[in-house]
Amino acid sequence: MPLVTGSATDDATVTKTRRSGGTQPPAAGSGRHGRRRSLGRHTLHGWLFSTPFLVLFGVFMLFPIVATLWMSFTDFGVRDVRQPLEAQFVGLDNYARLFGDDTFRTALFNTAYFVVVGVPLTIVLGLLVALLLNNGIDRARTFFRVGFYAPVVTSIVAVAVVWRFVLDPSDGLIAGLATELGTKAPDFLGSETWAMPSLILLAVWRNLGTVMVLFIAGLQAIPTEVREAARLDGAGGWQELRRITVPLLRPTMLYATVITTIGYLNVFEEPFVMTQGGPGDATLTVSLDMYREGFNFFHMGYASAMAYVLFVVIMGITVLQLRLLKDNTR
């Protein structure tokens, strides 16, 4: 009778186990420890793929943010560019000087005026245009959408040329219409009364397309069954807007309001290109004042303090908006 070796016996056992539907014992290195090693490799690969972005973010975002915070506590100026670590530490002097600066208070008031008037106008007009393009206009709908969105991607220089022609008090479009009506158009950009409203109108025109696109996306996400049920219950157009459309658009309205407010608090291009903050300081904003202090007068430390005050204001208003409006979206 032939002898059966141990390996042959093991093979027979494995074969029998497979036929009976059993499973093989786990191989060495498998199980929990194997899953941990696999997860570790995937994590390492993820960090490796993220490394280029992390390097760029650290060099061009994180480092300037930290450096600006440090500069806000120093008297950093153009003389310290070559040896920045030798800038004199002044503590909170820049911040104390900031709140006693009449020019900064004027810039802060002008920025608040720009936001309080500009944001509601942009949101309301964006919603109206979105409603018209989503429901009211059937022909050339794509043409109108592109037309309203075109200012968003248009260069501010081109926009400034067009609006200077429109607002020119002698040969502009509005001046021509006023002459035909027997009146005289005001000097929009040269008047302390009309300069800021003119820039607000320009900003609303430029940013209307972004808000319009957001609201169109929100309107198209509303189920048609909800609208049909409201109409079957006898709801008119105004009731449908109040009871159905606006409540369901609150998440979109929250996002649009927050990003528009942040953009208007940072307003810089419109006054810089159109008025340079004038006449006087009628259109001077915080961002423009910061630019002047940092790059015209080379008060880098003072400008850095101004930047962080603006950052705190933006954070505070954003948190407040999220708390007030988010409660209504639940």
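Above this text is the structure in question.
Model, not experiment: these values are computed from the prediction. (Residues numbered from 1 in each chain as written. Predicted model: local features only at pLDDT ≥ 70, side-chain atom pairs only at ≥ 80, totals over all residues. Heavy atoms only, no water.)

Assigned secondary structure in the protein consists of 14 helices and 0 strands. Each helix and strand of the protein, placed in order from N terminus to C terminus, yields the pattern α-α-α-α-α-α-α-α-α-α-α-α-α-α. The burial tally for the protein puts 33% of its 330 residues in the buried class. Of all intrachain contacts in the protein linking residues separated by at least 6 positions in sequence, the fraction that spans at least 24 positions is 65%. Here the protein has roughly 21,000 Å² of accessible surface; of this, 66% comes from carbon and sulfur atoms. (Helix = DSSP H or I, 4+ residues; strand = E, 2+ residues; numbered from the N terminus. Buried < 20%, exposed > 50% of the residue type's maximum accessible area, 1.4 Å probe, protein only. Contact = heavy atoms within 4.5 Å. Areas by Shrake-Rupley, 256 points an atom, 1.4 Å probe, with all protein chains shown as cover.)

So, about the packing of helix H9 (residues 224–232) against helix H10 (residues 237–248). Running from N to C, H9 and H10 cross one another at 165°; their axes reach a closest spacing of 11 Å. Taken as axis vectors, H9 and H10 run roughly antiparallel relative to one another. Note that H9 runs across H10; the crossing there is right-handed. Between H9, through Val226, Arg227, Ala230 and Arg231, and H10, the contact on the second element is made entirely by Glu240, Ile244, Thr245 and Leu248. Residue classes in the contact of H9 with H10 are distributed as 4 nonpolar, 1 polar and 3 charged. (Axes fitted to C-alpha atoms, helices over the stretch in contact; angles between N-to-C directions. Parallel < 35°, antiparallel > 145°, perpendicular 65-115°, else oblique. Left-handed = near helix turned anticlockwise from the far one by under 90°. Nonpolar A, V, L, I, M, F, W, Y, C, P; charged D, E, K, R; others polar.)

Once that is clear, we can look at a nonpolar patch on the surface. Residues Trp47, Phe53, Leu54, Val55, Leu56, Phe57, Val59, Phe60, Met61, Leu62, Ile65 and Val66 make up a contiguous nonpolar surface patch of roughly 1,200 Å² in combined accessible area. Considering the arrangement of structural elements, one finds Leu54 in helix H2 (residues 32–71). (Patch = residues over 30% accessible without salt bridge, like charges linked within 9 Å, V, L, I, M, F, W, Y side chains within 5 Å. Salt bridge = Lys/Arg side-chain N within 4 Å of Asp/Glu carboxyl O.)

A separate point is the packing of aromatic side chains. Any aromatic ring pair is given by two values, namely how distant the centres are and how the planes are angled relative to each other. Enumeration according to the criterion identifies 14 aromatic pairs in this entry. Members of the aromatic cluster, each reached through a chain of ring pairs, are Phe268, Phe272, Tyr291 and Phe295. Just above the ring of Tyr302 sits the side chain of Arg97; from NZ or CZ to the centre is 3.9 Å. (Phe/Tyr/Trp six-rings, centres within 6.5 Å; stacked < 30°, edge-to-face > 60°. Lys NZ or Arg CZ within 6 Å of the ring centre and 35° of its normal.)

Following the sequence through the fold, Thr260 ends up in helix H11 (residues 250–265). Thr260 gets classed as buried once you look at its relative accessible area, which sits at 8%. For Thr260, the side chain forms a polar contact with the main-chain oxygen of Ala256, separated by 2.6 Å. (Polar contact = N/O pair within 3.5 Å; in protein donor to acceptor, adjacent residues only side chain to side chain.)

Moving on, we get to the pattern of salt bridges. Here the structure, examined in full by the defined rule, presents 6 salt bridges. Taking the shortest distance from any N to any O, the salt bridge between Asp102 and Arg105 comes out at 2.1 Å. Here Arg105 and Asp102 lie together in helix H4 (residues 102–136), a separation of 3 residues that amounts to about one turn. Residue classification places Arg105 among the partly exposed positions, given a relative accessible area of 41%. A salt bridge links Arg206 to Glu269; the nearest nitrogen and oxygen atoms lie 3.1 Å apart. One end of the pair, Arg206, is in helix H8 (residues 195–220); the other, Glu269, is in helix H12 (residues 269–274), and 63 residues separate them in sequence. Note on Arg206: relative accessible area 12%, which makes it buried. It is possible to trace a salt-bridge network through shared partners that takes in Asp75, Arg79 and Asp80.

Turning our eyes to something else, we now look at the environment of Gln239. On the secondary structure map, Gln239 appears in helix H10. Discounting chain neighbours no more than four positions away, the residues touching Gln239 are Gly234 and Ile244.

In this structure, the amide linkage connecting Gly278 to the following residue, Pro279, adopts the cis form with an omega of -5°. With respect to the helices and strands, the residue Pro279 is situated in the loop between H12 and helix H13 (286–296). The backbone phi angle of Gln276 is positive, close to 55°, even though this residue is not glycine. Residue classification places Gln276 among the partly exposed residues on the basis of a relative accessible area of 45%.

Mapped onto the elements, Asp101 comes out in the loop between helix H3 (93–99) and H4. Buried and unpaired, Asp101 has Arg97 as its nearest opposite-charge partner, separated by 5.5 Å. In this structure the side chain of Asp101 is engaged in a polar contact, spanning 2.7 Å, whose partner is the side chain of Tyr302. (Lys, Arg positive; Asp, Glu negative; His and termini not counted.)

Judged by nonpolar contacts, the single largest core of 55 residues is most densely connected at Phe114, Phe215, Tyr264, Met274, Val286 and Met306. Ignoring anything within four residues of it in the chain, the contact list for Val286 reads Phe104, Ala107, Leu108, Thr111, Met306 and Leu310. (Core = buried A, V, L, I, M, F, W, Y, C linked by side-chain atoms within 4.5 Å.)

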